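Close look at the chain arrangement
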Amino acid sequence: MGLERAASSRNTPPPARTVRALRLGSAALVLAVALPTCLAAGTGPGAIVALLLALAQAALLWWVAARPGAVLAASAPLGAAMWLLLPALSVTGAFIGAQIALCALSALRPARLSRWGLLGLLALAPLAYAGAGTVALVTHVLAVTLAWTAGQWRRAHQDRLAAETRRAVAEERARIAREVHDVVAHTVSVMVIQASAAQDVFATHPEQARNALRAIDSAGRSALGELRVLLRAEAGDGGAVDGGGGADGGGDGRRPPRGLGDLAELAENARAAGLGVEVSEEGASLTPPTAVDLAAYRIVQEALTNTMRHSGASRVRVAVRRDQDAVRIEVSDNGRAGSGSWRSGGSGRGLAGMRERAALLGGTLEAGPGPEGGFEVRAVLPIRYAS
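Think of each chain on its own: its residues are numbered from 1, step by step along the sequence as written. The predicted nature of this model means local features are confined to residues of pLDDT at least 70 and side-chain atom pairs, given and counted, to a pLDDT of 80 or more, with totals for whole chains, interfaces and linings taken over all residues. Processing note: side-chain calculations cover all non-hydrogen atoms of the structure and skip hydrogens and water entirely.

**Points about the overall build of the chain**
- Broken down by element type, the chain carries 14 helices and five strands.
- For every residue, the accessible area (1.4 Å probe, protein chains only) is compared with the maximum for its type, and the residue is labelled buried under 20%, exposed over 50%, or partly exposed between those bounds. When each of the 387 residues of the chain is scored for burial, the buried share is 41%.
- Taking the contacts inside the chain whose residues are at least 6 apart along the sequence as the reference set, 65% of them involve residues at least 24 apart. A run of H or I in DSSP becomes a helix once it reaches four residues, and a run of E becomes a strand once it reaches two; helices and strands are each numbered from the N terminus. Any two residues whose heavy atoms approach within 4.5 Å are treated as being in contact.

Here it is in structure tokens:
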């Protein structure tokens, strides 16, 4: 949610703190440039009026963040009047307020608008030449150009930040979509199979039907708990409350993210749906980073889900090996090797989602027919432990 707000803020005004600093800093700069020359000129009418014009420029900069174009349009005539009244003040010094407004205009408004301000101030270059020659002309042109360029640099920097934020939002949405897909697809597959089994034996074997309904209830509660974890994490809450008091239960109702420690529960759900599941683990004492742990769990979950939905398999073997370098996963079944769009590379999200999870961690995932028939999924997820 915070990312979405950041992504939508490209055209919003700068933060209040930045605006305050801009107001105070720019006003102080205008006065620091004009005051010494005005005071050195004595108490003549020209010096006094020039000082008042400098104060007016400093006051105008109060609105420089909100209305940079208007401030520029008003500051330029004031600067010209200051220079005419007090030629000892260079054109560059007299137009310092206008240059600050040009910089803000360049940073906060499209270039097609700020270019007009740039051209307007550059058009005053003959004044600089008439007053103090070539050096003053070059100084004025450089000062105005640098002010506009600094604003363009600031705008480009903000554009890059906005693009990075939009990319982060898209990646976060894709991650949430993968999580929701994995949770819902697996749970619904189990529930559909169990509901079908309960309907078949409802009249003849009521106890089996009850067991199937209990499995449906457990799977549904588990999925609800996972979705609450996911949604609360997205909202910045970092936890989930299990309103059903079921599979997620425990203590204050919060649960850590899924991981390889939940493989037994995952296998039990698949067995309840009629699939024979054999799980073997090596290096279970090693705990991988949370991201690797969750990705490994989701890959196994997705492989089991698609086996149940598409392969017609009766048996599946899950092998997980953990060491200091990687988590290695193999899921193989005895089903039909080419069945299902997820296996044949069609429109299903299963294989694509698993490959993307592995790739995000710098790992690999391969899938295809097994050497003895059926289908295999093999993944390697690298681990980079801190020393």
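**Quick notes on the side chain of E376**
- On the secondary structure map, E376 appears in strand β5 (residues 375–382).
- Given the relative accessible area of 17%, E376 is considered buried.
- Polar contact criterion, stated in full: a pair of N or O atoms within 3.5 Å, where within protein one must be able to donate a hydrogen and the other to accept it, and residues adjacent in sequence count only if both atoms are side-chain atoms. Of the polar contacts made by the side chain of E376, one reaches the side chain of R378; its length is 2.5 Å.
- Once residues lying within four places of it in the same chain are set aside, the contact partners of E376 are V331, S332, E366, A367, G368, G370 and P371.

**Looking at the packing of helix α2 (residues 16–40) against helix α6 (residues 96–108)**
- Helix axes are fitted only over the stretch in contact, all axes being lines through C-alpha atoms; the angle between N-to-C directions runs from 0 to 180 degrees. Taken N-terminus to C-terminus, the directions of α2 and α6 make an angle of 155°; their axes are 9 Å apart at the nearest point. For the element pair α2 / α6, the angle class is roughly antiparallel. Crossing handedness for the pair α2 and α6: right-handed. In this structure, α2 uses S26, L29 and V30 to contact α6, whose residues at the interface are I96, G97 and I100.
- Across the contact of α2 with α6, the residue classes tally to four nonpolar, two polar and no charged. Roughly parallel means an angle under 35 degrees; roughly antiparallel means over 145; roughly perpendicular covers 65 to 115; every other angle is labelled oblique. Two helices cross in a left-handed way if the nearer one is turned anticlockwise from the farther one by less than a right angle. They cross in a right-handed way if the turn is clockwise. When residues are grouped by polarity, Ala, Val, Leu, Ile, Met, Phe, Trp, Tyr, Cys and Pro land in nonpolar, Asp, Glu, Lys and Arg in charged, and all others, Gly among them, in polar.

**A few points about the pattern of salt bridges**
- By definition, a salt bridge exists where a carboxyl oxygen of Asp or Glu is found within 4 Å of a side-chain nitrogen of Lys or Arg. Applying the stated criterion across every chain, the model contains seven salt bridges.
- The partner of E268 in a salt bridge is R271, with the nearest N and O atoms 3.4 Å apart. Here R271 and E268 lie together in helix α11 (residues 263–272), a separation of three residues that amounts to about one turn.
- With its nearest N and O atoms 3.9 Å apart, the salt bridge here joins E366 to R378. Linking E366 in strand β4 (residues 364–369) with R378 in strand β5, this pair joins segments that are twelve residues apart in sequence.
- Connected through salt bridges with shared partners, the residues E366, E376 and R378 form a single ionic network.

**Overview of the packing of α6 against helix α7 (residues 111–122)**
- Between α6 and α7, the shortest axis-to-axis distance is 9 Å and the interhelical angle comes to 160°. One finds that α6 runs roughly antiparallel with respect to α7. Between α6 and α7 lies a crossing whose hand is left-handed. Residues A98, Q99, L102, L105 and S106 of α6 pack against L113, S114, G117, L118 and L121 of α7.
- For the contact of α6 with α7, the class distribution of residues is six nonpolar, four polar and no charged.

**Quick word on the packing of aromatic side chains**
- The pairing test for Phe, Tyr and Trp rings, Trp by its six-membered ring, is centres within 6.5 Å, and the orientation test on the planes gives stacked under 30 degrees, edge-to-face over 60, and tilted for anything in between. Throughout the structure, instances matching the rule amount to zero aromatic pairs.
- It is R23 that lies over the ring of W62; its NZ or CZ is 3.9 Å from the centre. Note on criteria: charge over ring means Lys NZ or Arg CZ within 6 Å of the ring centre, with the direction from the centre no more than 35 degrees off the ring normal.

**Concerning the confidence of the model for the chain**
- Of all residues in the chain, 78% have pLDDT values of 70 or greater, and the mean over the chain is 76.
- You can read pLDDT as the predictor saying how much it trusts each residue, on a scale of 0 to 100. Below pLDDT 50 for its whole length, residues 1–10 participates in 15 contacts with residues either more than four positions away or in separate chains.
- When the criterion is pLDDT under 50, residues 235–254 qualifies, and its contacts beyond four places in sequence or with other chains add up to 37 contacts.

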